[in-house]
Amino acid sequence: QVQLVESGGGLVQAGGSLRLSCAASGSIFSINAMDWYRQAPGKQRELVAHITSGGSTNYPDSVKGRFTISRDNAKNTVYLQMDSLKPEDTAVYYCHADLVRFTNRRNTVSYWGQGTQVTVSS
């Protein structure tokens, strides 16, 4: 029973900050890449941040310099620090992970969190 549980979303004024957390639990052997995506109403889901098992990161231009992804491998948790938030950052933010389960260590499985709402007011 692998689950990704997100927390930390909320309402913030433009220019403010939020820190999202995503904790993976269950029979996990290892977690490879972890990502944050977001989806605003009527728009496509887009990648916000990516981090490899080794800690290398990647960001799209829309959030580069404002968002920071990090992970705590001991806690199977990934974070997204969001600074200088803009109204256009308003969306549901989803955690994603590619991981290997104890039950089948020859396969990598993709999991998604339930999403957490981030609303930035002007």
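Counting starts from 1 at the beginning of each chain's written sequence and moves along it residue by residue. Restriction of local features to residues with pLDDT of at least 70 applies here, the model being predicted, together with a cutoff of 80 or more for giving and counting side-chain atom pairs; totals for whole chains, interfaces and linings are based on all residues. With hydrogens and water stripped out, all remaining heavy atoms of the structure feed into the side-chain values.

Participant: Help me understand the overall build of the chain in this model?
Facilitator: Strands are runs of DSSP state E lasting at least 2 residues, helices are runs of H or I lasting at least 4, and numbering of each runs from the N terminus. Along the backbone of the chain there are 0 helices and 11 strands. When its helices and strands are written in sequence order, the chain yields β-β-β-β-β-β-β-β-β-β-β. Note on method: radius of gyration uses C-alpha positions; expected globular size equals 2.2 Å times residues raised to 0.38. For a compact globule of 122 residues, the expected C-alpha radius of gyration is about 14 Å, and the chain comes in at 14 Å, within 12% of that figure. Its C-alpha atoms put the chain at 50 × 25 × 25 Å along the principal axes. Residues counted as buried form 39% of the 122 residues belonging to the chain. Two residues qualify as a contact provided that any one of their heavy atoms is within 4.5 Å of a heavy atom in the partner residue. Long-range contacts, defined here as pairs at least 24 residues apart, represent 56% of the contacts in the chain between residues at least 6 apart. Under the convention used here, a 1.4 Å probe and the Shrake-Rupley method define accessible areas, while residue burial counts only the protein chains that appear. For the chain, the accessible area works out to roughly 6,500 Å², and carbon and sulfur atoms hold 45% of it. Relative accessible area decides the class of each residue, using a 1.4 Å probe on protein chains only: under 20% of the type maximum gives buried, over 50% gives exposed, and in between gives partly exposed.

Participant: How should the pattern of salt bridges be read in this particular structure?
Facilitator: A side chain of one charge can pair with a side chain of the opposite charge when the charged atoms of the two come close. Any carboxyl oxygen of Asp or Glu that lies within 4 Å of a side-chain nitrogen of Lys or Arg is treated as forming a salt bridge with it. For the structure shown, the criterion picks out 4 salt bridges. Between lysine 64 and aspartate 61 there is a salt bridge, and its shortest N-O distance comes to 3.3 Å. According to the relative accessible area criterion, lysine 64 is partly exposed, its value standing at 48%. A relative accessible area of 67% places aspartate 61 in the exposed class. Aspartate 89 is the partner of arginine 66 in a salt bridge, and the nearest nitrogen-oxygen pair spans 2.7 Å. Here the residue arginine 66 occupies a position in the loop between strand S6 (57-58) and strand S7 (67-72), and aspartate 89 occupies one in the loop between strand S8 (77-82) and strand S9 (91-101), the gap between them amounting to 23 residues. Overlapping salt bridges, with partners in common, bring together Arg38, Glu46, Arg66 and Asp89 in one network.

Participant: How should the nonpolar core be read in this particular structure?
Facilitator: Nonpolar side chains in soluble globular proteins generally cluster together in the buried interior. Within this scheme, the nonpolar core is defined by two criteria: the residues are buried Ala, Val, Leu, Ile, Met, Phe, Trp, Tyr or Cys, and they are joined through side-chain atoms within 4.5 Å. One finds Leu4, Trp36, Leu80, Met82 and Tyr93 to be the most contacted residues of the largest nonpolar core, which totals 31 residues. Where this core is concerned, the elements lending two or more residues are strand S3 (18-25), strand S4 (28-39), strand S5 (46-51), S7, S8, S9 and strand S11 (116-121). The biggest single contributor to this core is S9, with 5 residues.

Participant: Before we go on, may I ask you to explain the packing of aromatic side chains in this structure?
Facilitator: Aromatic ring pairs: the centre-centre distance and the angle between the two ring planes describe each pair. For this analysis, a ring pair means two rings from Phe, Tyr or Trp (six-membered ring only for Trp) whose centres lie within 6.5 Å, classed as stacked if their planes differ by under 30 degrees, edge-to-face if by over 60, and tilted for the remaining angles. For the structure on display, the rule yields 2 aromatic pairs. Ring centres of phenylalanine 29 and phenylalanine 102 lie 5.6 Å apart, and the angle between their planes is 85°; this geometry places the pair in the edge-to-face category. Of this pair, phenylalanine 29 sits in strand S4 while phenylalanine 102 sits in the loop between S9 and strand S10 (104-112), and the two are 73 residues apart along the sequence. On the basis of an interplanar angle of 55° and a centroid distance of 5.0 Å, the ring pair of tyrosine 37 and tryptophan 112 is categorised as tilted. In this pair, tyrosine 37 sits in strand S4 while tryptophan 112 sits in strand S10, placing the two residues 75 residues apart along the sequence. Assessed through its relative accessible area of 38%, tryptophan 112 is described here as partly exposed.

Treat this as a map of the structure, not an account of what it does.
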